[in-house]
Amino acid sequence: MKSYKYAVVAMTLVCTLLGAIIGIQFKTVKKQPKAVDIQRVSELSAELKSITEEKDALYERLMESESKVREYEQSQSDVSNSVKLLNDELEKTRMFAGSLPLTGRGLIVTMSDSSYNKQENVDPNAYLVHAEDILSIINELNVAGAEAVEINGQRIVGTSSVRCAGSVVNVNGVKIAAPFKITAIGNPDTLESALKMPGGVIDSLAPWGIQITIEKSNSVDVAGYTGIIQYNEAKVDKE
Amino acid sequence: MIYILPVLGIIFGIIVGVKSPYVFPQAYSPYVAIAILACIDSVLGGIKGMTEKNFNISIFISGFFGNALIAVAMIFMGEKLNIDMTIAAIVVYGSRLFQNFAQIRRFILNKAEKKDNI
């Protein structure tokens, strides 16, 4: 073998470069996020549980504080007539904002997923109740003059959102699942006929076998909105 | 024993690489992996060339960088054309790597035997 001294130098340089690349690649691969392992899942679910509990406790405290505020208001209202007037105004405004639970004549619409045998070649999604279906029912109820609308305990107010979230529907940021119980206060007959109008919402959902029952009642309860409405950007336009 | 230098070089390089603060972007990781394979193949090819006494430094250096570039380009094209060229590169470079190594092994072992004979 003839002397390859110069070649060995080149080889050494090249090998050093190669080694450096390999070393960096080692680190790169090590840093790659690994699939979530079982232990992590259980950790996360435990964390979720504790956070949910915490949320429930906080919600309870909120309710307590609200009832306290109401108590104070009640005791204040005895003081004078003007305070009483203000209180009435406040009550009205609250009712308008949707933060008070209301009761009155109305109807309850229950929507559940189709019980039809799923046909082949048809998207199984078509047999489920979607956020859009709920929205169109709410829309129809509002057109017919519903005064207050609620879905599974979530009051629909001006800032409410109804959107699809995987297998469930997100209303006001709270996940709710089928069956969806939409409660509306208003003239029951008007509301019912608005929904049952030929070519209306119920007609358009019927082919998919989505079960919709309408129950008129002389007294339905609608919960108050429990979320917070914040105005960070909006200001009153005084012009 | 000057021939130990490349081995020291590669060890030194790995240490430097691991200690260095640099990391390849996550998206380029597969390209780098193939480039490394091509480079290892080139190095073994160079050693094989030495054993056959037809080592040429310019061929070696151009092969080292050229092979890596072509491998990366091929995979890049494959990704654009929706074919997984990674496997082709791995198979080709892998098999060549083994062949080269076999030849080097044979050369070294033969040399050792000859020495014993003397």
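Residues numbered from 1 in each chain as written. Chains lettered and ligands numbered in written order. Predicted model: local features only at pLDDT ≥ 70, side-chain atom pairs only at ≥ 80, totals over all residues. Heavy atoms only, no water.

Peer 1: What is the right way to read the overall build of chain B from this model?
Peer 2: Within chain B, the regular secondary structure consists of 4 helices and 0 strands. Seen in sequence order, chain B has helices and strands lined up from the N terminus as α-α-α-α. Looking at chain B as a whole, 32% of its 118 residues qualify as buried. For chain B, contacts bridging at least 24 residues in sequence account for 72% of all contacts bridging at least 6. If you sum the accessible surface of chain B, you get close to 7700 Å²; carbon and sulfur atoms cover 71% of it. (Helix = DSSP H or I, 4+ residues; strand = E, 2+ residues; numbered from the N terminus. Buried < 20%, exposed > 50% of the residue type's maximum accessible area, 1.4 Å probe, protein only. Contact = heavy atoms within 4.5 Å. Areas by Shrake-Rupley, 256 points an atom, 1.4 Å probe, with all protein chains shown as cover.)

Peer 1: Sorry, what's going on with the environment of Gly153 of chain A here?
Peer 2: All names here are of chain A. Assignment of secondary structure puts Gly153 in the loop between strand S2 (148-151) and strand S3 (154-155). For Gly153, a relative accessible area of 33% gives the class partly exposed. Between the C-alpha atom of Gly153 and that of Val174, which follows or precedes it by 21 residues, the distance is 10.0 Å.

Peer 1: So what exactly am I meant to see when it comes to the packing of helix H1 (residues 5-31) of chain A against helix H2 (residues 29-51) of chain B here?
Peer 2: How two helices sit against one another is set out by the angle between their axes and by the gap between those axes. For the pair H1 of chain A and H2 of chain B, interaxial distance at closest approach is 10 Å and the crossing angle is 155°. Considering the angle they form, H1 of chain A stands roughly antiparallel to H2 of chain B. Between H1 of chain A and H2 of chain B lies a crossing whose hand is left-handed. In this structure, H1 of chain A uses Ala7, Val8, Met11, Val14, Cys15, Leu18, Ile21, Ile22, Gln25, Thr28 and Val29 of chain A to contact H2 of chain B, whose residues at the interface are Ser29, Val32, Ala33, Ile36, Cys39, Ile40, Val43, Gly46, Ile47 and Met50 of chain B. Per-class residue counts for the contact of H1 of chain A with H2 of chain B are 17 nonpolar, 4 polar and no charged. (Axes fitted to C-alpha atoms, helices over the stretch in contact; angles between N-to-C directions. Parallel < 35°, antiparallel > 145°, perpendicular 65-115°, else oblique. Left-handed = near helix turned anticlockwise from the far one by under 90°. Nonpolar A, V, L, I, M, F, W, Y, C, P; charged D, E, K, R; others polar.)

Peer 1: So what exactly am I meant to see when it comes to the interface of chain A and chain B here?
Peer 2: If you look at the interface, chain A gives 28 residues, while chain B gives 37 residues. Of the roughly 3100 Å² buried between chain A and chain B, counting both surfaces, carbon and sulfur atoms make up 78%. There are 6 residue pairs in polar contact (both at pLDDT 80 or more) connecting chain A and chain B. Of the residues contributing to the side of chain A that touches chain B, the split by class is 17 nonpolar, 7 polar and 4 charged. (Buried area = accessible area lost by both parts, 1.4 Å probe. Polar contact = N/O pair within 3.5 Å; in protein donor to acceptor, adjacent residues only side chain to side chain.)

Peer 1: Honestly, a nonpolar patch on the surface in this entry has me stumped. Any pointers?
Peer 2: Together, Ile4, Leu5, Val7, Leu8, Ile11 and Ile15 of chain B make up a nonpolar patch on the protein surface, roughly 510 Å² of accessible area in all. In this fold, Leu8 of chain B is placed in helix H1 (residues 5-19). (Patch = residues over 30% accessible without salt bridge, like charges linked within 9 Å, V, L, I, M, F, W, Y side chains within 5 Å. Salt bridge = Lys/Arg side-chain N within 4 Å of Asp/Glu carboxyl O.)

Peer 1: Honestly, the sheet that holds strand S4 (residues 162-165) of chain A in this entry has me stumped. Any pointers?
Peer 2: Residues and elements named next belong to chain A. Reading across from one edge, S4-S5-S6 is the order of the 3 strands in this open sheet, with antiparallel pairing throughout. The open sheet is flanked by S4 and strand S6 (174-176), the only strands paired with a single partner. Within the sheet, the average angular offset between the axes of one strand and its neighbour, ignoring direction, is 35°. As defined by bridge partners, strand S5 (residues 168-171) adjoins S6 across 3 bridges and the pair is classed as antiparallel. Paired with Asn170 across the two strands is Lys175, which belongs to S6. Where helix H4 (residues 131-143) meets the sheet, its contacts fall on S4 and S5, and the angle it forms with S4 comes to roughly 165°. (Pairing = 2+ DSSP bridges.)

Peer 1: Even after reading the chapter, I still don't get the nonpolar core, so can you show me in this structure?
Peer 2: Membership of the largest hydrophobic core comes to 29 residues, with the highest contact counts inside it found for Met111, Ile134, Ile137, Leu141, Ile151, Val162 and Ile182 of chain A. When residues of this core are traced back to their parent elements, those giving at least two are strand S1 (102-112), H4, S2, S5, strand S7 (180-185), helix H5 (188-196) and helix H6 (201-205) of chain A. Tallying contributions element by element places H4 of chain A first for this core, with 5 residues. Once residues lying within four places of it in the same chain are set aside, the contact partners of Ile182 of chain A are Leu107, Ile108, Val109, Met111, Ile134, Ile137, Leu141, Val149, Glu150 and Ile151 of chain A. If you look at the next biggest cluster of nonpolar residues, it comprises 17 residues, including Val14 and Cys15 of chain A together with Cys39 and Ala68 of chain B. (Core = buried A, V, L, I, M, F, W, Y, C linked by side-chain atoms within 4.5 Å.)

Peer 1: Hey, could you run me through the sheet that holds S1 of chain A in this one?
Peer 2: Residues and elements named next belong to chain A. Taken in spatial order, the 5 strands make up an open sheet running S3-S2-S7-S1-S8, and their pairing is antiparallel. A strand with exactly one partner marks an edge of an open sheet, and here the two such strands are S3 and strand S8 (211-222). Note that S2 and S3 share 2 bridges and pair antiparallel. Bridge pairing in S3 links Ile151 to Gln154. Packed onto the sheet, H5 meets S1, S7 and S8 and runs at close to 160° relative to S8.

Peer 1: So what exactly am I meant to see when it comes to the environment of Pro101 of chain A here?
Peer 2: All names here are of chain A. With respect to the helices and strands, Pro101 occurs in the loop between helix H3 (81-97) and S1. Exposure remark for Pro101: the relative accessible area of 57% places this residue in the exposed category. For the pair Pro101 and Asp221, spaced 120 residues apart in sequence, the C-alpha separation works out to 7.2 Å.

Peer 1: Just checking my understanding: could you explain the pattern of salt bridges for this structure?
Peer 2: Where charged atoms from two side chains of opposite charge come close, those side chains can pair. Residue and element names in this part refer to chain A. Applying the stated criterion to the full structure yields 4 salt bridges over all chains. Salt-bridge contacts for Asp189 lead to Lys216; the nearest nitrogen and oxygen are separated by 2.9 Å. Taken as a pair, Asp189 in helix H5 and Lys216 in strand S8 lie far apart in primary sequence, 27 residues in all. On the basis of relative accessibility, which here comes to 41%, the residue Lys216 falls in the partly exposed class. Between Lys216 and Glu192 there is a salt bridge, with its nearest N and O atoms 3.0 Å apart. One end of the pair, Lys216, is in strand S8; the other, Glu192, is in helix H5, with 24 residues separating them in the sequence. Linked through salt bridges whose partners overlap, the residues forming this network are Asp189, Glu192, Lys196 and Lys216.

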